[in-house]
Amino acid sequence: MIKTHRLLLVLSLLTVATIVTAQIELRTEAQASAATGDNTPLWLNANKYGLSSLEKFNGYLRVGVFRPLIADSTHRWDYSFGADVAVAANFSSTFVLHQLYGEVRWLKGLLTIGSKEQPMQLKNNRLSSGSQTLGINARPVPSIRLSLPEYWNIPFTKKWVGIKGHIAYGMQTDDGWQRKFTEGIYKHTEHAKLHTKAGYIRVGRPDKPFTVELGLEMACQYGGTSYSDPSNPVPVIKNEDGVKGALRAFIPSGGDVGEGLYENKAGNHLGSYLLRFNFNYDKWYLGLYADHFFEDHSQMFFIDYDGYGKGEEFNVWKDKRYFLYDLKDIMLGAELKLRNFRWLNNIVLEYIYTKYQSGPIYHDRTYNLSDHIGGLDNYYNHYIHTGWQHWGQVMGNPLYRSPLYNDNSQIRVLNNRFWAWHLGISGKPIDQLRYRVLATWQRGWGLYDQPFTEPQNNLSLLAEAEYCFCDFSSMPGWGIKASIGLDHGQLLGNNFGGQLTITKRFNLWE
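Residues numbered from 1 in each chain as written. Predicted model: local features only at pLDDT ≥ 70, side-chain atom pairs only at ≥ 80, totals over all residues. Heavy atoms only, no water.

What about the pattern of salt bridges?
Reasoning step 1: This structure, assessed with the given rule, holds 23 salt bridges.
Reasoning step 2: For Asp78, the salt bridge is made with Arg67, and the minimal N-O distance between the two is 2.9 Å. Taken as a pair, Asp78 in strand E3 (residues 77–89) and Arg67 in strand E2 (residues 57–67) lie far apart in primary sequence, 11 residues in all.
Reasoning step 3: According to the relative accessible area criterion, Arg67 is buried, its value standing at 5%.
Reasoning step 4: The shortest N-O distance in the salt bridge between Asp371 and Arg321 comes to 3.5 Å. With Asp371 in the loop between strand E19 (362–363) and strand E20 (373–374) and Arg321 in the loop between strand E15 (303–305) and strand E16 (322–324), this residue pair connects regions lying 50 residues apart in the sequence.
Reasoning step 5: Owing to a relative accessible area of 30%, Asp371 belongs among the partly exposed residues under this scheme.
Reasoning step 6: The exposure class assigned to Arg321 is partly exposed, which follows from its relative accessible area of 36%.
Reasoning step 7: It is possible to trace a salt-bridge network through shared partners that takes in Glu29, Arg62, Asp84 and Glu117. (Salt bridge = Lys/Arg side-chain N within 4 Å of Asp/Glu carboxyl O. Helix = DSSP H or I, 4+ residues; strand = E, 2+ residues; numbered from the N terminus. Buried < 20%, exposed > 50% of the residue type's maximum accessible area, 1.4 Å probe, protein only.)

Notes on the confidence of the model for the chain
Reasoning step 1: Per-residue confidence for the chain averages 91 on the pLDDT scale, and 94% of its residues sit at or above 70.
Reasoning step 2: The model gives residues 10–21 a pLDDT under 50, and that stretch makes 12 contacts with residues more than four places away or in other chains. (pLDDT = per-residue confidence, 0-100. Contact = heavy atoms within 4.5 Å.)

Brief notes about the packing of aromatic side chains
The geometry of an aromatic ring pair comes down to the distance between the two centres and the angle between the two planes.
Reasoning step 1: Throughout the structure, instances matching the rule amount to 19 aromatic pairs.
Reasoning step 2: Judged by centre distance (6.4 Å) and plane angle (10°), the rings of Phe210 and Phe277 are stacked. Linking Phe210 in strand E10 (residues 210–222) with Phe277 in strand E13 (residues 268–280), this pair joins segments that are 67 residues apart in sequence.
Reasoning step 3: On the basis of relative accessibility, which here comes to 31%, the residue Phe277 falls in the partly exposed class.
Reasoning step 4: Ring geometry for Tyr351 versus Trp421: centroids 4.9 Å apart, planes at 45°, classification tilted. Within this pair, whereas Tyr351 is found in strand E18 (residues 346–353), its partner Trp421 is found in strand E23 (residues 417–430), the two being separated by 70 residues in sequence.
Reasoning step 5: Residue class for Tyr351 comes out partly exposed when judged on its relative accessible area of 25%.
Reasoning step 6: Joined through ring pairs, the aromatic side chains of Phe293, Tyr379, Tyr380, Tyr400 and Phe418 make up one cluster.
Reasoning step 7: Note that Lys328 overlies the ring of Tyr356, its terminal NZ or CZ placed 5.0 Å from the centroid. (Phe/Tyr/Trp six-rings, centres within 6.5 Å; stacked < 30°, edge-to-face > 60°. Lys NZ or Arg CZ within 6 Å of the ring centre and 35° of its normal.)

A look at empty space enclosed by the protein
Reasoning step 1: Applying the stated criterion to the full structure yields 1 cavity of 30 Å³ or more.
Reasoning step 2: There is about 40 Å³ of room inside the largest cavity.
Reasoning step 3: In terms of lining, the largest cavity is formed by Leu42, Pro398, Leu399, Arg401, Asn415, Gln442, Leu491 and Leu492.
Reasoning step 4: Looking at the lining of the largest cavity, its residues break down into 5 nonpolar, 2 polar and 1 charged. (1 Å grid on protein atoms, 1.4 Å probe; cavity = no way out; pocket = protein on both sides within 12 Å on 5 of 7 lines; lining within 4 Å. Points joined across faces, edges and corners; volume = space filled by probe spheres on them. Nonpolar A, V, L, I, M, F, W, Y, C, P; charged D, E, K, R; others polar.)

Section: the state of the cysteines
Cysteine pairs can be covalently joined through their sulfur atoms, and such a bond is termed a disulfide.
Reasoning step 1: A complete count under the given rule lists 0 disulfides for this structure.
Reasoning step 2: Here Cys468 stays free of any disulfide, with the sulfur of Cys470 as its closest cysteine sulfur at 3.1 Å.
Reasoning step 3: A relative accessible area of 1% means that Cys468 is categorised as buried. (Disulfide = S-S within 2.5 Å.)

With respect to the nonpolar core
Reasoning step 1: Core analysis: the largest hydrophobic core is formed by 38 residues, its most contacted members being Leu42, Trp43, Tyr380, Trp388, Leu399 and Tyr400.
Reasoning step 2: Elements represented by at least two residues in this core include exactly helix H2 (42–45), strand E9 (193–203), E13, strand E14 (284–294), E18, E23 and strand E25 (451–468).
Reasoning step 3: Grouped together as the second largest cluster of nonpolar side chains are 6 residues, Leu51, Tyr60, Phe91 and Val96 included. (Core = buried A, V, L, I, M, F, W, Y, C linked by side-chain atoms within 4.5 Å.)

Focus on the pairing of E18
Reasoning step 1: Alternating positions in E18 separate cleanly, Asn346, Val348, Glu350 and Ile352 being buried on one face and Ile347, Leu349, Tyr351 and Tyr353 remaining unburied on the opposite face.
Reasoning step 2: Alignment of strand E17 (residues 330–338) against E18, held across 8 bridges, turns out to be antiparallel. Within E18, the residue paired with Ile330 across the bridge is Tyr353. (Pairing = 2+ DSSP bridges.)

Some words on the sheet that holds strand E8 (residues 188–190)
Reasoning step 1: The strand order across the open sheet formed by 3 strands is E8-E11-E12, and the pairing between neighbours is antiparallel. In this open sheet, the two edge strands, each paired with only one partner strand, are E8 and strand E12 (236–238). When strand polarity is set aside, the average angle formed by the axes of neighbouring strands in this sheet is 20°.
Reasoning step 2: Here strand E11 (residues 225–227) runs beside E12; their pairing, made up of 3 bridges, is antiparallel. From the neighbouring strand, Ser226 faces E12, where its bridge partner is Ile237. (Axes fitted to C-alpha atoms, helices over the stretch in contact; angles between N-to-C directions.)

Brief notes about helix H4 (residues 242–250)
Reasoning step 1: Those residues of H4 that fall on the buried side of the exposure criterion are Gly245, Ala246 and Ala249. Looking straight down H4, one finds that the buried residues subtend no more than 100° of arc, so they occupy a single side. Exposed and facing more than 90 degrees away from the buried side of H4 are Val243 and Leu247.
Reasoning step 2: Elements in contact with the buried residues of H4: strand E7 (161–171), E9, E10 and E13. (Arc of directions from axis to C-beta.)

Below you can see the structure in the form of structure tokens.
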């Protein structure tokens with residue numbers, strides 16, 4: 001990956017030197033945070049693409065050079081690049097190579113190579129608590145990504161049906177952090193690969209007031225070498241890599257090392273079903289959406305085959321009998337935009353429930369008991385891989401408590417059974433000033449196999465104001481952002497803090 005990064009940087013510099021007619025932007029940023037309590041409050045840390053820290057006193061200096069894609073349909077092809085680095089204090093690493101990528105667009109298709117921030121789909125990126133699968137809470141993973149980033153209208157549908165999506169393969173970069181965090185003793189995985197894919201379909205013309213969007217997001221962590229507690233009979237596992245590993249990540253198949261008779265699927269597979277209804281009018285917009293998360297087929301298909309025989313036929317399909325699961329675990333949200341109100345122009349309300357996880361019992365058919373029940377899904381965790389995290393931050397919704405909070409040296413999400421209410425509001429009183437407020441109430445039960453003795457509650461708040469000395473639609477310029485955050489409760493502790501961010505953007509040439 002280091003060689004790839006160097007090559008991308010050289011290509012980017014050559015492009016800048018030879019084509020001076022394109023707009024090149026230089027972004028600089030300085031941020032400082034201070035808090036009382038045990039940690040930085042949740043919403044001063046979460047959903048920042050992993051460029052954040054839980055330490056009570058932290059900060060960074062950041063600089064980036066970017067060449068954006070030209071939003072012009074007359075250009076059949078275009079390119080872009082970005083290099084974005086930070087020097088940080090009290091982060092998981094002092095030097096952060098946050099983004100380094102090159103892109104080539106041909107018509108609607110886009111090829112991206114490198115590390116790049118990718119926004120959430122079908123949710124408000126400033127006000128939502130976060131997507132359950134492909135979120136914005138962890139550092140970008142260096143990848144090769146082929147995508148349709150914007151809806152492409154399917155021919156002969158008169159723009160009534162559009163599709164977009166992506167497929168990507170990459171490798172996580174947190175090997176050193178994992179070894180340090182686990183003290184080289186507890187479970188961790190080195191050189192883990194990451195595969196993601198997503199497809200979205202829009203039904204309804206974009207110029208009409210009503211449209212429906214449906215999506216499927218899927219991901220798989222695979223490959224690399226997994227190390228577990230030395231007391232484990234198999235302390236080192238070499239996971240399947242190469243072409244075969246990549247294919248089994250793309251089409252879930254095979255099995256992990258040592259599964260034998262009860263072979264499931266190789267790697268850590270997970271995903272979400274997404275649905276959004278859009279009501280778009282001149283004075284207001286209303287979006288209603290859902291995000292259902294799944295860790296395996298029990299919550300993906302809501303059904304398991306349960307008609308195995310008895311005795312010596314315990315592994316033979318005998319009867320037409322199935323086990324049905326409930327649709328309980330889901331995020332439900334609503335977003336209201338008031339186009340003629342400046343002081344309060346956007347409201348997001350979300351409800352999240354994750355307690356079911358296909359039930360508290362996992363049982364596969366045996367010689368003496370032929371019933372098959374696929375419970376204990378244990379969201380964001382995996383018994384071989386280190387779960388849905390990168391650099392200690394979950395890669396989905398930050399209300400699943402990230403391993404970075406743990407003080408037991410274990411990379412594990414210790415609270416994945418919870419329900420929560422989340423509210424986000426924003427406004428823009430004048431062109432140069434905008435604000436947002438986030439408020440989240442959460443009640444957690446821990447894990448099925450490691451429950452809290454009593455349910456734990458948590459309240460997290462954020463108030464943030466941002467002033468741009470030009471205006472937000474006509475960068476470049478100076479900007480300053482001040483934020484205060486609070487946590488109160490047993491889940492995250494009692495924390496209070498502030499954060500100050502100063503930015504300056506330059507157009508190097510146009």
